[in-house]
Protein chains: 2
Amino acid sequence: MRKTSIKDIALKANVSIATVSYVLNGTRNVRPETHKRVTEAIEELNYKPNDIAKSLKRNRTNTIGVIAEDVTVFNAPDIIDGINDFGDRHDLHILLVNLRLDKRIGRNFGDTEAYRKYAANAVSELLSKQVDGIIYIGVHTRDLTGLIDAEGIPIVYTYGYTQNDISIQYNDEQASYEAMSYLVRKGHSRIAIISGLMDSIPSRQRLKGYYKAVTDFELPFDPLLIKMGDWERESGYRLTAELLALPEPPTAILSMNDVMVVGVLQAADECGVSIPGELSVIGFDDREFSDYLRPRITTMGLPLHEMGYQAIEALYHLINGNKVQTLVMPECRLIERDSVGVAQ
Amino acid sequence: MRKTSIKDIALKANVSIATVSYVLNGTRNVRPETHKRVTEAIEELNYKPNDIAKSLKRNRTNTIGVIAEDVTVFNAPDIIDGINDFGDRHDLHILLVNLRLDKRIGRNFGDTEAYRKYAANAVSELLSKQVDGIIYIGVHTRDLTGLIDAEGIPIVYTYGYTQNDISIQYNDEQASYEAMSYLVRKGHSRIAIISGLMDSIPSRQRLKGYYKAVTDFELPFDPLLIKMGDWERESGYRLTAELLALPEPPTAILSMNDVMVVGVLQAADECGVSIPGELSVIGFDDREFSDYLRPRITTMGLPLHEMGYQAIEALYHLINGNKVQTLVMPECRLIERDSVGVAQ
DNA sequence: ATTAGCCGTTTAAACGTTTAGATTTTGAAG
DNA sequence: CTTCAAAATCTAAACGTTTAAACGGCTAAT
């Protein structure tokens, strides 16, 4: 049996389908008496509107496409949660496309052919589905100019940006500067930094923040304190060992993510230096496990939920034809735990 | 300017719209010469099909609704990833509804009014969007009978089940039994267990597996070794302290999740008992951090990706009118790391 | 030369809505 | 009892597809 449609309601309530539509949407006045007849019919026939038909006519789906480079990467779920938060309040639905790049290409995928193909496919699917706009969730911040042709529908980027579109990013430079300030306030001056991969934009920005802090706070500058990691635990381990072997080792380390801090902890332990007693460390990301390690690690938390929220909010305005600022920057926040002590 | 439609193609290629549809779908033979004219027109006009219109006519959206109780809970992303894996291969799209229960109600939400309301809303949205089927991703395994009325479209559950529908669950009893066997093989016989909340089904199942192992392997049975935790770290800590204070403490602990293992580690450390030297521990879940703790913890990994994959596969068959087995059980897998030693 | 059958193509209706614009109803004013 | 404007309702087209059924032309068999 066919599902009940507006037509069945019209028949039962003895009105035209137009009238039914009017009571459904409140787009025109209808006499209370008629209104009642219609709502009763709706009730009795257990009518459920068909958004597909509505979308076809209205040329608007109230659905946005979310392209995630990989939903299993730690930042994605909270961003999606933020998108949902706003979406719920504004009747916006989410069509999720998961590129699965981490599995299909590997963690540090570059701008490969395969990657472009996946992205293009995703967009074309979403376009066919007539989404009103697109949010792109990357795993690393990168310049994605030219990657996606959204054919006129608005798009906003998160972990990624483009020369012409909106993007939501936290301020890496400032976050790293703030982490440094915190260490300085705790009395540290010989502070090392372990970066992520240097072709990554956050790495460069955070390094900039480091330099700025060194300058502003007049810290002793020593190139030996600047170590290039690769985001992985092992590099945190290896580089910390090197740092601790220095004639004059640092009293604090700023690591560009929490995963590398795991390596820092291990190296320190093996070298017999205590954290936070003899060595302090700050991470980035506020991963769940940073509260589980011992010592519990102090870290810069990322405004992931807010990024998602702001992304869809911007998109919403774009969809409704309003102007929106090109770059939105929610703030990172230092989560104080136990891995930073005062320098002697 | 309106987007180009099948009608424009027809005009340009000098054929009827039906013919265009036929070449688009390959549903009927068309002369090569005509075919060429049409595809050329498609190319030139940069035609993109409108799936909304197609869905309306076909009464099929090729879209499934995924209701997640909370996407930020650790099990959700991998399940979604599995859903995507199959979805990509079979041209199934995903409309994601995130109930955000963890934020809105709290971690151990029961069967509250608010919860039922969110669920009902989600289903009704999805129904309006005319999804072909629904996958429900819970955070705990529970009986959800009567919660959702999917009005005739198929639904399959993951972390949750119903008396009438399909559900995908791993075998908790067997997983716990296997963990026990492993410990026994390592020479342990005095084995304690720290459960999750006892109103949770996995807790009860796993306890069953524990009992079975105790019986099968003829281990000394001691009620003092059975501790009721609440999934949280603190309970792991507290209960381990109690266990270690026993006149005859266990040589191994089976913890029903990795988070409580964090507490186990801490308690052991504070009591000066070494892991895995004097005490062994196995967790559940294979959380990312279980590889970051020291010792790296041995744990039962959950087949999350596979659950998602099987869920959508079952749904796919259901949508196409095929029968499908009611309960699918992908297997858990022991991840051997460093927290289990041989008993002396 | 007629006819049957097949192939390729077209016609037209349908899917469930929205929404201009036309039409009818209502009720107040004359 | 008319008249008229305002309010309520209806008619019908449209959104972009799919698809059953009809159609026309061709080939091959009679």
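Residues numbered from 1 in each chain as written. Chains lettered and ligands numbered in written order. Predicted model: local features only at pLDDT ≥ 70, side-chain atom pairs only at ≥ 80, totals over all residues. Heavy atoms only, no water.

Peer 1: Give me the relation of the copies chain A and chain B: which residues, what numbers.
Peer 2: Expressed as a screw transformation, the operator carrying chain A onto chain B has a rotation angle of 180 degrees and an axial translation of 0.0 Å, and the superposed copies differ by an RMSD of 0.0 Å. One copy is carried onto the other by what is essentially a two-fold rotation axis. Considering only C-alpha atoms, the part of chain A nearest the rotation axis is Leu95 of chain A, at 2.3 Å. In this assembly the copies share their binding face: 100% of the residues contributing to the interface of chain A also contribute to that of chain B. (Least-squares fit on C-alpha atoms with pLDDT ≥ 70 in both. Contact = heavy atoms within 4.5 Å.)

Peer 1: Talk me through the side chain of Arg100 of chain A; I want residue IDs and the actual numbers.
Peer 2: For Arg100 of chain A, the location among the structural elements is in the loop between strand E2 (93–98) and helix H6 (101–104). In this structure Arg100 of chain A touches Ala68, Glu69 and Asp70 of chain A together with Asp81, Asn84, Asp85, Asp88 and His305 of chain B, once residues within four positions along its chain are discounted. (Helix = DSSP H or I, 4+ residues; strand = E, 2+ residues; numbered from the N terminus.)

Peer 1: Go over the protein's contact with DNA strand C, please, and point to the residues and values.
Peer 2: By nearness alone, 30 residues border DNA strand C, and Ser21, Arg28 and Tyr47 of chain A together with Thr19 and Thr34 of chain B come closest of all. Backbone atoms, meaning sugar and phosphate, make up 56% of the atoms of DNA strand C lying within 4 Å of the protein. In this structure, a base oxygen belonging to DNA strand C sits 3.5 Å away from a side-chain N or O atom of Tyr22 of chain B. Take Arg31 of chain B: an N or O atom from its main chain is 2.8 Å from a phosphate oxygen of DNA strand C. Take the surface near DNA strand C: its biggest share by element is 5 residues, from helix H2 (residues 17–25) of chain A. Its residues assigned to classes, the surface near DNA strand C comprises 12 nonpolar, 8 polar and 10 charged. (Near = heavy atom within 4 Å. Polar contact = N/O pair within 3.5 Å; in protein donor to acceptor, adjacent residues only side chain to side chain. Nonpolar A, V, L, I, M, F, W, Y, C, P; charged D, E, K, R; others polar.)

Peer 1: I'd like to hear about the protein's contact with DNA strand D, residue by residue, with values.
Peer 2: Neighbouring residues of DNA strand D: 30 residues in total, closest Ser16, Arg28 and Thr34 of chain A together with Ser21 and Tyr47 of chain B. For DNA strand D, the backbone makes up 59% of the atoms found within 4 Å of the protein, where backbone means sugar plus phosphate. In the environment of DNA strand D, a phosphate oxygen lies 2.8 Å from a nitrogen or oxygen atom belonging to the backbone of Arg31 of chain A. In this structure, Ala53 of chain B approaches DNA strand D through a main-chain N or O atom, which is 3.5 Å from a base nitrogen. At the level of elements, H2 and helix H4 (51–58) of chain A together with helix H1 (6–13), helix H2 (17–25) and helix H4 (51–58) of chain B are the ones that each hand at least two residues to the surface near DNA strand D.

Peer 1: Please provide a residue-by-residue account of the sheet that holds strand E4 (residues 155–158) of chain A, values included.
Peer 2: Strands sit in the order E11(A)-E5(A)-E4(A)-E3(A)-E1(A)-E2(A)-E2(B)-E1(B)-E3(B)-E4(B)-E5(B)-E11(B) across an open sheet of 12 strands; the sheet is mixed. Among the strands making up the open sheet, the edge pair consists of strand E11 (327–328) of chain A together with strand E11 (327–328) of chain B. With 5 bridges joining them, strand E1 (residues 63–68) of chain B and strand E3 (residues 133–137) of chain B adopt parallel strand pairing. Paired with Ile67 of chain B across the bridge in E3 of chain B is Tyr136 of chain B. (Pairing = 2+ DSSP bridges.)

Peer 1: Report on the domain arrangement of chain A, specifying residues and quantitative values.
Peer 2: One frequent convention defines the size of an interface as the accessible area lost when the parts assemble. Residue and element names in this part refer to chain A. By the assigned domains, chain A splits into domain 1 (6–49), domain 2 (58–170 + 304–332) and domain 3 (172–301). The centre of domain 2, based on its C-alpha atoms, is set 31 Å off from the matching centre of domain 3. Facing 10 residues of domain 2, the contacting portion of domain 3 comprises 14 residues. Taken as a group, Phe74, Tyr170 and Cys332 account for 54% of the area that domain 2 buries against domain 3, more than any other trio of residues on that side. Summed over the shared surface of domain 2 and domain 3, the number is 0 salt bridges. (Domains from an automatic or database assignment. Buried area = accessible area lost by both parts, 1.4 Å probe. Salt bridge = Lys/Arg side-chain N within 4 Å of Asp/Glu carboxyl O.)

Peer 1: Can you tell me about the nonpolar core, naming the residues and giving the values?
Peer 2: Core analysis: the biggest nonpolar cluster contains 146 residues, and Ile64 of chain A together with Ile64 of chain B have the highest contact counts within it. Those residues in contact with Ile64 of chain A that sit more than four places away from it in its chain are Ile83, Leu92, His93, Ile94, Leu95, Val131, Gly133, Ile135, Ile312, Leu315 and Ile319 of chain A. Of all hydrophobic cores here, the second largest spans 49 residues; its members include Ile153 of chain A together with Leu95, Leu144 and Ile153 of chain B. (Core = buried A, V, L, I, M, F, W, Y, C linked by side-chain atoms within 4.5 Å. Buried < 20%, exposed > 50% of the residue type's maximum accessible area, 1.4 Å probe, protein only.)

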